[in-house]
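# Survey of secondary and tertiary structure
The lines below spell out each chain.
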Amino acid sequence: MHQQQIIGFFMIQVQNSMKKSFLALATFLMFMNSGKAQSSASQSLGDMTSFEVKNQTISILTNFGKAQVTFYEPGLVRIRIVKDDFLKDFSYAVVATPGKTEPKITETPDKLIVSTDLLRLEIDRYPVRFSFYTNDGRLINADDKSFGTAWMGTETTTYKKLIADEKFIGLGEKTGNLNRRGTAYENWNTDNPRYGPNDDPLYVTIPFYMGIHSGLVYGIFMDNSHRSRFNFGASNDRFSSFSAEDGEMDYYFMHSPSVAGVIELYTHLTGRMTMPPLWALGYQQCRWSYTPDTEVLNIAQNFRDRKIPIDVIYLDIHYMDAYKIFTWHPGCFSNPKKLLSDLKNINIHTTVIIDPGIKVEKGYEAYEDGLKRDIFAKYPDGEVYTAQVWPGWCHFPDFTKPAAREWWGQKFNGLVEDGVTGFWNDMNEIASWGNGYTPHLVEFDWEGRKTSYREAKNVYGLLMSKSTFEGTRKLMNNRRPLIITRAGYSGLQRYTALWTGDNQATDEHMMLGCRLVNSIGLSGVPFIGVDVGGFSKDPAPALFARWIGIGAFSPFFRSHTHQDTRQAEPWSFGETVENISRNYITLRYKLLPYIYSCFHQSVVSGIPVARSLAIEYTFDEKIYDPLYQNQYLFGPSVLVAPVESTRELVKVYLPEGEWYNLHTGQKLEGKAEILAESPMHLLPIYIKGGTVIPMQSALQSTSENPGETLYLHVFNGVGNSEFVYYEDDGLSYDYEKGNCLNHTISFDGNLKRLTIGEAEGQFISKFRKLELILHGFDNKTTFLANGKNLQAEVTKVDFLNSLDPNDPHFWDHSHQVYDALKIELPFSRKKLTISW
């Protein structure tokens, strides 16, 4: 080698070495500039280089990533964080827009301090981290100082400082304990048949939870529909975190003095339910499958003959021709219009199952028309995606495409004309044979923006429900449909009820169902229930009886079972279980004025009907005890203590206040653990003192006239309460135009006064008389109505047996009858004050 070549060779080696050193130094400095040095696998939001304020939004640039902070309300803040550039702002979940909040911004060398009437947000500059405080300086929630929001590849994660006494509740349809501290969950809507008591994920994604500590409450909703994970201190004692596999870190922080206030903020953000049809709050009977049509009529008539109230019967997949949706089986359901008319004549509504898969079959109208109109999901090369489900090979509507949603809604015209009033959306995770594995590259329209199944999967059930609701509402001439779904995403409450999928006939699952209903209620979905009796396995008679009792105090009350199990109608388990079922279902119908009013509260404020005790008694440690975590309030006044069917004595925790045993009238002091009898026919139920419960006469269906009398049960106590009694026609959307009725009923235990406020709204009540049933009052008490003396008389109270003793279906358990006082009055639109 020549000398010149040798020198050149060594020069190249030196240059390469210098390049490597320079790159190493640059990488090191970049890591250091973002705060503490981090692994090359993870990079967090960097130091602030500039910020800009426009209206209620603060835009922040850093040396690694960008952030936006937008105030929607004084207690509601949106945080968006990206590595590169923000995408066009879009959400299927969020319906709110920023209000007229004007935060005050103060600059210091190290921070931006942003204040509203409810909270103070401190934004560290070096690096950018977010901490939320009360205005008096108490820490609510803060980023982990080292990690903040970080990226590992496309995955984005926000790490939050874990506070010593912090509890976590909510996150939707999740198994486990009420307090989720120490656990982690994944959101990836999954068809999980026969799921176990600790399985995850299940069918629904609601990436919203609440944190509780030090007398404070906050909520966080991460609006990202990719597969996501929430860690509440699992396998570490340093942080909680939430992450998504791709997309923006886009979350909303909420603060209010109460859990109810945070739920109200969340449902302001993601929307609230509309009033359900009144008949949808009655008892509903389902089986996979009632077929042929003669069996459907036989089941329905049996309910009527046995005087077991019912409002809805379901048709599962066998009503269809070869499982093709929008069709009827030509042999088993040859005249559907007559069948549905016959059911309607005995006051029973019909709900049919609807799956998203459209069978690939030449000549099948939905298939041919769907292809013609280009409404199906596709591969990136334009070929229509195909998978196997019940009908065989199927295509699937792309519900992220507006034209597909409109097309889907119009397809219900035939079913609506036949008389169907309920629509049951199933298999919409998307479920398919082959473990439900849909290739991630399947493409969706995403309102013209295009995305893959990775982002679209978790919203598919939401958008199917939206399409079904909006389509049937247009077709049903101002009548309200019943829509239910198995899968969904945040915001589903705007369109549909939800049930918790394919559970099992075990005591363990019955108790898990209570926690699922409560957790989903905490997550903004009020209209929720389980398959009463269990979908798979044969329930023991005692289990079915107990589950019917709990179901009567659930927002959505439906019994459903698998085709491979025994018949599971109430009479199928013998006379005793039939009688117990009849009594609890009848009690449900007597409570409908109370239940319907509670649903109206959900429409107005987002507060659930079935209320975890964490809503009202947030800082009472006992309610998080696994012994008592299944208990809940049904509405504001009724405490339900679910208990396994094998136990005849159970420990119950009564929170602070005064409580009345529903069955005996016994008054008990709260903040106490008690032993309660729980034989098969008695579910432990307690009524809060100082509250009122409106009731009506027993009915066989909501179509019947309840009579002229509204029964107002008043439970004496030292506290104060307020309940808004609500009525409308129960069928139409006229209530949205003011054709409804509200009476605010106030109880003041200190002033010894009950006030029924003047009527609001145009609707004329169906009731003409008012009967006060007074619990916990001395027989010698003197009562006044608007200053005039009233005559009270002793009456017998028996909540569970409403039939005449001479009726052959009467079941005597007279040991549960007790005395109360009764006052009869006219029920008018004028204000009425009762004092004593």
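Here the structure is a predicted model, which is why all the values come from computation and not from measurement.

The rules we used
- Residues numbered from 1 in each chain as written.
- Predicted model: local features only at pLDDT ≥ 70, side-chain atom pairs only at ≥ 80, totals over all residues.
- Heavy atoms only, no water.
- Helix = DSSP H or I, 4+ residues; strand = E, 2+ residues; numbered from the N terminus.
- Contact = heavy atoms within 4.5 Å.
- Buried < 20%, exposed > 50% of the residue type's maximum accessible area, 1.4 Å probe, protein only.
- Pairing = 2+ DSSP bridges.
- Axes fitted to C-alpha atoms, helices over the stretch in contact; angles between N-to-C directions.
- pLDDT = per-residue confidence, 0-100.
- Core = buried A, V, L, I, M, F, W, Y, C linked by side-chain atoms within 4.5 Å.
- 1 Å grid on protein atoms, 1.4 Å probe; cavity = no way out; pocket = protein on both sides within 12 Å on 5 of 7 lines; lining within 4 Å.
- Points joined across faces, edges and corners; volume = space filled by probe spheres on them.
- Nonpolar A, V, L, I, M, F, W, Y, C, P; charged D, E, K, R; others polar.

### Looking at the environment of Val714
As for its placement among the helices and strands, Val714 is situated in strand β45 (residues 709-715). Considering only alpha carbons, one finds Val714 and Gly689, 25 residues apart in sequence, at a separation of 8.4 Å. If we skip the residues at most four places from it in the chain, Val714 touches Thr691, Val692, Phe747, Leu754, Ile773, Leu774, His775 and Phe777.

### What about the pairing of strand β4 (residues 66-73)?
Where burial is concerned, most of β4 is hidden: six out of the eight residues are buried. The sheet contact formed by strand β3 (residues 57-62) and β4 spans five bridges and is antiparallel. Paired with Ser59 across the strands is Gln68, a residue of β4. Connecting the antiparallel pair β3 and β4 is a turn made up of three residues, with Gly65 showing a positive phi of about 105°. Looking at chain direction, β4 and strand β5 (residues 76-82) are connected through seven bridges and run antiparallel. Of the residues in β5, the one forming a bridge with Gln68 is Arg80. Adjacent in sequence and paired antiparallel, β4 and β5 are bridged by two residues.

### Section: the sheet that holds strand β49 (residues 769-775)
Here we have five strands laid out as an open sheet, ordered β44-β45-β49-β53-β52, and mixed in their pairing. On the outer flanks of this sheet lie β44 (691-695) and β52 (793-797), each paired with one strand and no other. For this sheet the average axis-to-axis angle between neighbouring strands, irrespective of direction, equals 35°.

### Things to note about the confidence of the model for the protein
Considering every residue of the protein, the mean pLDDT works out to 94; 94% of them sit at 70 or more. Under a pLDDT of 50 for its full length, residues 1-37 has, in the predicted model, 19 contacts with residues more than four places off or in other chains.

### Thoughts on the nonpolar core
Counting 220 residues, the largest nonpolar core has Phe221, Met254, Trp408 and Phe553 as the members making the most contacts within it. Within the second largest apolar cluster, 36 residues are counted, among which are Ile58, Val69, Tyr209 and Phe230.

### Topic: the layout of surface pockets
Of the pockets and cavities examined, the largest pocket occupies roughly 620 Å³. Along its surface, the largest pocket is lined by 35 residues, and Asp191, Pro193, Met427, Ala431 and Arg486 are the ones closest to its centre. Of the residues that constitute the lining of the largest pocket, the class distribution is 15 nonpolar, ten polar and ten charged. Reported here for the second largest pocket is a volume of approximately 530 Å³. Along its surface, the second largest pocket is lined by 25 residues, and Arg611, Glu616, Pro636, Ser721 and Glu722 are the ones closest to its centre.

### Let's talk about empty space enclosed by the protein
Enumeration over the complete set of coordinates arrives at six cavities of 30 Å³ or more. Computed from the structure, the largest cavity encloses a volume of approximately 140 Å³. Classifying every residue of the lining of the largest cavity by side-chain character gives twelve nonpolar, three polar and one charged. Reported here for the second largest cavity is a volume of approximately 100 Å³. If you go around the second largest cavity, you meet 13 residues; those closest to its centre are Gly513, Cys514, Val517, Ile550 and Ser554. Going through the elements one at a time, α9 (507-522) and α10 (541-551) are the ones with two or more residues in the lining of the second largest cavity. Tallying contributions element by element places α9 first for the lining of the second largest cavity, with five residues.

### Focus on the environment of Leu654
Inspection of the secondary structure puts Leu654 in strand β39 (residues 649-654). Looking at Leu654, the relative accessible area reads 0%, which means it is buried. For the pair formed by Leu654 and Ala641, sequence separation is 13 residues and the distance between their alpha carbons is 9.5 Å. Ignoring sequence-local partners within four residues, the contact set of Leu654 consists of Leu639, Trp659, Leu668, Glu669, Gly670, Lys671, Ala672, Ile674 and Tyr686.

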